[in-house]
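Analysis of the macromolecular model
Spelled out, the chains give:
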Amino acid sequence: MSTEDLLRSRGLRPGDRVVVCLPRGEHLSAAVDGAIAVGAIVTVLPAGFEVDEYIRASAARIMISDSDDAIKAAEDSRIRQVIGSGELKGS
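None of the values given here were measured: they were computed from a predicted structure.

A word on the confidence of the model for the protein chain
A residue-level look at the protein chain finds 95% of positions with pLDDT of 70 or above and a mean pLDDT of 87. Averaged pLDDT values over the elements of the protein chain bottom out at 78 in helix α3 (residues 52–57) and peak at 94 in helix α2 (residues 26–38).

Spelled out as structure tokens, the structure:
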């Protein structure tokens, strides 16, 4: 299943917001490319960056991340799903 198909199957629709917090590499590229292909609005937060305030303030429905700090911050936000990099195509 492509990343685009995975995101669609998780309910992502054109115009939805997605936060991606992954280190540079193939997973980051797959996440961003897949979200853009769906028509989502993508915010990329650098791995290791202080993400708490940005995630909590975002209107994102989905976050793609393996960062424990980012996942914890998502618990106090509007984010309803967290997708790990292991679920992305090419993993």
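Side note on the pattern of salt bridges
Applying the stated criterion to the full structure yields three salt bridges. With its nearest N and O atoms 2.9 Å apart, the salt bridge here joins Glu4 to Arg8. Residue Glu4 and its partner Arg8 are both found in helix α1 (residues 3–9); the two are separated by four residues, about one turn of the helix. On the basis of relative accessible area, Glu4 is assigned to the partly exposed category, the value being 25%.

Examining α2
For α2, which comprises 13 residues, the first-to-last C-alpha distance of 18 Å matches the rise-based estimate of 18 Å (1.5 Å per residue) to within 8%. Taken as a whole, α2 has its buried residues at Leu28, Ala30, Ala31, Val32, Gly34, Ala35 and Val38. Contacts from the buried residues of α2 go to α1, β1 (17–21), β2 (41–44) and β3 (62–65). Just beyond α2, the residue with positive phi is Gly39, at close to 100 degrees.

Looking at the sheet that holds strand β4 (residues 81–83)
Reading across from one edge, β2-β1-β3-β4 is the order of the four strands in this open sheet, with parallel pairing throughout. A single partner strand is all that each edge strand has here, and the edge strands are β2 and β4. The mean angle between the axes of side-by-side strands here comes to 20 degrees, regardless of whether they run parallel or antiparallel. Bridging between β1 and β3 involves four bridges; their strand directions are parallel. Paired with Val20 across the two strands is Ile64, which belongs to β3.

What counts and what doesn't
Residues numbered from 1 in each chain as written. Predicted model: local features only at pLDDT ≥ 70, side-chain atom pairs only at ≥ 80, totals over all residues. Heavy atoms only, no water. pLDDT = per-residue confidence, 0-100. Helix = DSSP H or I, 4+ residues; strand = E, 2+ residues; numbered from the N terminus. Salt bridge = Lys/Arg side-chain N within 4 Å of Asp/Glu carboxyl O. Buried < 20%, exposed > 50% of the residue type's maximum accessible area, 1.4 Å probe, protein only. Expected span 1.5 Å × (residues − 1). Contact = heavy atoms within 4.5 Å. Pairing = 2+ DSSP bridges. Axes fitted to C-alpha atoms, helices over the stretch in contact; angles between N-to-C directions.

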